[in-house]
Amino acid sequence: MASIRADQILLQRINRITVLRYIRREEPISRIDLSKRTGLSPSTITNITHYFLRKNLVSERKSPATGAKGRRPVWLSLNPDGGRLMGVEIRKEVLRGAVTDLSGKVLSYEERNVQDPGDPQKLTAEVRDLVGSLRAKLKRRPRLLGIGVSFPGVLDPETGDCLLWADAGWGRFPLKKRLKEGAEVPVLVDKDSRAEALGEFWFGAGQDVNDLVFLKLDSEVSAGVVSDGRPYRGSKGLAGEIGHITVDPKGKRCRCGKLGCLETKVSVPAVLERAREVLKEHPGSSLAGQELSLRSLYRAAGEGDEAAGKVLEELAYFVRMALETVVYTYDSELVVLAGEMVEAEGAEVLLEKVKLEGFPLEVRIETSKLNEHRGVVGAASMVLHRLVVEED
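Fair warning: this is a prediction, and the values are worked out from it, not measured in the lab.

(A) Up close: the layout of surface pockets. Considering only enclosed or pocket space, the largest pocket measures out at about 600 Å³ in volume. If you trace the largest pocket, you find 25 residues lining it, with Leu188, Asp190, Pro231, Arg233 and His385 closest to the centre. Breaking the lining of the largest pocket down by element, the ones donating at least two residues are helix H1 (2-26), strand S10 (187-191), helix H6 (192-203), strand S13 (230-232) and helix H13 (374-389). Along the lines of polarity and charge, the residues of the lining of the largest pocket split into 11 nonpolar, 4 polar and 10 charged. One number sums up the size of the second largest pocket: a volume of about 400 Å³. Sort the elements by how many residues they give to the lining of the second largest pocket and helix H8 (residues 268-281) lands first, with 6 residues.

Listed below in structure tokens is the structure:
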């Protein structure tokens, strides 16, 4: 019986997600059309939309009069002012926070430099201060529905404790517990790439799919997975940590302590370090003597510079390896690429080289649509997701 009940809850959650996303994409839309589009029974659509109306997630109005006989259909639309969502992005150098409406539109935004990233107590106090500042700008209505926090370290999926944040030197720390202090609304914490995957699912490139992988190539390398409309964490919260797959057993030591992790090949610091090494062998390169960045590297590679071209070829090889890993592991409908590696000016020269060939089926690969607010919008989307899937 318990298993049947669990299956019913899962199906209810999937159906709610499906219906709200149809309403968002095709609004205004009637219940009859929702039933036709989704294949769900009229009674199921009625139950789900009643739930959304109680939660203020959607609004309804009668369709315009046409002169036709019979009752006019009632149109449903997403209610962007049904509440407010707050998203906070924790990075080693900076904290970002935003308040959005239910459509993911950013209404207010703040950014602060982190004073001491190595001290968990100080950093969480800074996050609470940022949250307080954002809340001070809110009106009483619409009310704040919750706070989502994206975090770059490894988290315990049950407790929200940080297990490891190697880049900042954190070990185990009760992150969620500290962030909840004085919050008065639900606080959700998840891995940054997983939160950003959920942001793409609700508001970005993945609004038309149920399964996606968000591949983040930045100062760190990780993947966030949404499967059947749900964030996939794994039993210990390690799902998507592809940056620490060994790709070169004789390679450089990663910050995690292992040798030759993927992150030592395709993170921004690793690529720039490799470029400096190659430049020693090519003193006549157009890159010699100028400030090295992804932008300058891509520009030089596009102009035919031999040293830049060598670095680009190596980078493309390992990015393709990352893509193949997530495609074969998760078999998702969509892979979303994001991070400085694919968003820096001139990154087209890289993207052209990482197209997957030889796959039995076409793989849809896109870059993120959420741009500079991706982190905070992804964090805020965690709150919306919770509202949609929670038990009635």
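(B) Focus on helix H4 (residues 120-136). The first and last C-alpha atoms of H4 sit 24 Å apart over 17 residues, in line with the 24 Å expected at 1.5 Å per residue. For H4, the set of buried residues is Pro120, Leu123, Thr124, Glu126, Val127, Leu130, Val131 and Leu134. Along H4, the residues classed as buried sweep out an arc of 150° about the axis, all on the same side. Looking at the packing, one finds that the buried side of H4 touches strand S4 (84-90), strand S5 (94-100), strand S6 (106-113), strand S7 (144-151) and helix H5 (175-180). Looking at where H4 begins, the residue whose side-chain oxygen comes 3.0 Å from the main-chain nitrogen of Gln121 is Asp119.

Cut-offs and rules
Residues numbered from 1 in each chain as written. Predicted model: local features only at pLDDT ≥ 70, side-chain atom pairs only at ≥ 80, totals over all residues. Heavy atoms only, no water. 1 Å grid on protein atoms, 1.4 Å probe; cavity = no way out; pocket = protein on both sides within 12 Å on 5 of 7 lines; lining within 4 Å. Points joined across faces, edges and corners; volume = space filled by probe spheres on them. Helix = DSSP H or I, 4+ residues; strand = E, 2+ residues; numbered from the N terminus. Nonpolar A, V, L, I, M, F, W, Y, C, P; charged D, E, K, R; others polar. Expected span 1.5 Å × (residues − 1). Buried < 20%, exposed > 50% of the residue type's maximum accessible area, 1.4 Å probe, protein only. Arc of directions from axis to C-beta. Contact = heavy atoms within 4.5 Å. Polar contact = N/O pair within 3.5 Å; in protein donor to acceptor, adjacent residues only side chain to side chain.

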